[in-house]
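# Analysis of the macromolecular model
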Amino acid sequence: MSVTGGVPAVAPTVPDQTLDLRPLLLAEFEPVLEPLADAGPGVRQVLVASASKYESTREIAQAIAAELTGRGLEVTETDVDEDSNLVMDSFDAFVLGSAVYAGQWLQPARWFVQRHEPVLAAKPVWLFSSGPLGPPATWEEPVDVAGIAEATKAREHRVFAGRLELERLTAADRAVAAALRAPEGDFRDWTAIRSWAGHIADALTGGGPQTMVQTDIVPN
Ligand SMILES: Cc1cc2nc3c(=O)[nH]c(=O)nc-3n(C[C@H](O)[C@H](O)[C@H](O)COP(=O)(O)O)c2cc1C
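About the thresholds
Residues numbered from 1 in each chain as written. Predicted model: local features only at pLDDT ≥ 70, side-chain atom pairs only at ≥ 80, totals over all residues. Heavy atoms only, no water. pLDDT = per-residue confidence, 0-100. Contact = heavy atoms within 4.5 Å. Salt bridge = Lys/Arg side-chain N within 4 Å of Asp/Glu carboxyl O. Helix = DSSP H or I, 4+ residues; strand = E, 2+ residues; numbered from the N terminus. Buried < 20%, exposed > 50% of the residue type's maximum accessible area, 1.4 Å probe, protein only. Near = heavy atom within 4 Å. Polar contact = N/O pair within 3.5 Å; in protein donor to acceptor, adjacent residues only side chain to side chain. Areas by Shrake-Rupley, 256 points an atom, 1.4 Å probe, with all protein chains shown as cover. 1 Å grid on protein atoms, 1.4 Å probe; cavity = no way out; pocket = protein on both sides within 12 Å on 5 of 7 lines; lining within 4 Å. Sits in = over half its atoms within 2 Å of the grid points. Nonpolar A, V, L, I, M, F, W, Y, C, P; charged D, E, K, R; others polar. Expected span 1.5 Å × (residues − 1). Core = buried A, V, L, I, M, F, W, Y, C linked by side-chain atoms within 4.5 Å.

The pLDDT averaged across the protein chain works out to 83; a share of 75% of its residues lies at or above 70. Of the regions scoring below 50 in pLDDT, residues 1-35 engages in 80 contacts with residues more than four places distant in sequence or in other chains. Across residues 209-220 the pLDDT falls below 50, and counting only partners more than four positions away or on other chains, this stretch makes 56 contacts in the model. Overall fold confidence (pTM) sits at 0.82, and the ipTM for the predicted complex is 0.99.

If you want it as structure tokens, here you go:
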């Protein structure tokens with residue numbers, strides 16, 4: 001197991017303005033209802049790979065990896081750029097995520113999907129995006145992952161709220177955030193993140209309901 005980095009043990013303080021953050025369920029593509037077709041005996045190897053510009057998405061990936069590890073799965077957690085030594089065929093399932101900028105996954109995450117499309121399309125894949133800030137919602141359509149979902153034949157795509165700390169941003173990113181009046185703060189919902197990882201573990205271990213609901217969270 002190679003989960004790296006620190007995941008906050010306690011959810012960070014959330015500004016008052018986020019207390020109304022509620023999940024809005026949006027169907028984006030057909031949920032997969034059947035049990036994991038290729039499930040068999042033995043510990044399942046899972047790759048959790050993410051792209052992050054200011055680390056907040058990486059920390060979500062690490063939280064997911066920690067949850068999966070706690071459920072008895074063998075997890076490798078990595079940045080999408082650090083895949084050169086990975087034997088992709090050795091993994092039974094993949095959790096891929098990216099921070100969202102200008103409505104898209106970061107380029108390294110899109111390249112990762114391109115590089116590994118054949119193996120990803122052949123194995124169970126779960127996708128997550130991290131971005132929306134607020135309320136109020138800063139982006140009407142937080143992210144478009146339709147092409148990635150199609151290429152990977154993903155079972156599910158989940159959108160998690162993100163974090164914006166102006167002091168961490170480049171001048172260019174700070175200017176965009178200011179122009180959009182994006183609210184500063186840490187909006188990540190660790191309970192929702194761990195719960196989603198638990199659903200993935202259920203699907204991979206047969207430890208819970210095999211049906212999964214297609215959900216995207218966006219702030220309202
Ligand atoms: C310049 C800029 C553009 C952004 N564009 C989007 C966007 O289109 N959709 C969205 O949901 N979030 C957007 N965000 C919010 C980020 O996705 C959010 O802050 C995320 O948590 C950053 O993750 P990271 O720390 O892993 O880079 C944007 C943030 C910045 C600074």
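Text resumes after the structure shown.
With that settled, consider the pattern of salt bridges. Evaluation of the coordinates by the stated rule reveals 8 salt bridges. We note a salt bridge from Glu 77 to Arg 58, for which the minimum N-O separation is 2.7 Å. Placement of Glu 77 in strand 2 (residues 74-79) and of Arg 58 in helix 1 (residues 56-70) is noted, with a sequence separation of 19 residues between them. Note on accessibility: Glu 77 and Arg 58 belong to one class, buried. One salt-bridge network, held together by shared partners, links Glu 59, Arg 163, Asp 186 and Arg 188.

Here we take up the site of the ligand. Taken together, 23 residues form the shell around the ligand, and within it Ser 52, Ser 56, Val 100, Gly 103 and Arg 163 come nearest. A distance of 2.5 Å separates an oxygen atom of the ligand from a polar atom in the backbone of Val 100. For the ligand, the accessible surface in isolation is 640 Å², of which the surrounding protein chains cover 97%. Of all the cavities here, the one that holds the ligand is the largest pocket. Taken together, the elements giving at least two residues each to the shell around the ligand come down to helix 1, strand 3 (93-101), strand 7 (163-164) and helix 5 (171-179). Of the residues forming the shell around the ligand, the biggest block, 3 residues, is contributed by strand 3. Its residues assigned to classes, the shell around the ligand comprises 12 nonpolar, 7 polar and 4 charged.

Turning to helix 6 (residues 190-205), a few remarks are in order. If you check helix 6, its first and last C-alpha atoms are 22 Å apart, about what 16 residues at 1.5 Å a residue would give, namely 22 Å. Within the sequence span of helix 6, burial applies to Trp 190, Ala 192, Ile 193, Trp 196, Ala 197, Gly 198, Ile 200, Ala 201, Asp 202, Ala 203 and Leu 204. Those residues of helix 6 hidden inside the fold are in contact with strand 1 (45-51), helix 1, strand 3, strand 5 (125-130) and strand 6 (156-160). Among the residues of helix 6, the N-terminal cap falls to Asp 189, whose side-chain oxygen and the backbone nitrogen of Thr 191 are separated by 3.1 Å.

Nonpolar side chains tend to gather and get buried jointly when the protein is soluble and globular. Ranked by internal contacts, the top residues of the largest apolar core, which has 26 residues, are Phe 94, Leu 96, Trp 105, Phe 112, Leu 120 and Leu 127. Residue assignment for this core shows that the elements contributing at least two residues are strand 1, strand 3, helix 2 (107-115), helix 3 (117-122), strand 5 and helix 4 (146-152). Looking at this core, the element that brings in the most residues is strand 3, giving 4 residues. Beyond its immediate chain neighbours, meaning those up to four positions away, Leu 127 contacts Leu 96, Trp 105, Ile 148, Ala 149, Thr 152, Ala 154, Glu 156, His 157, Arg 158 and Trp 196.

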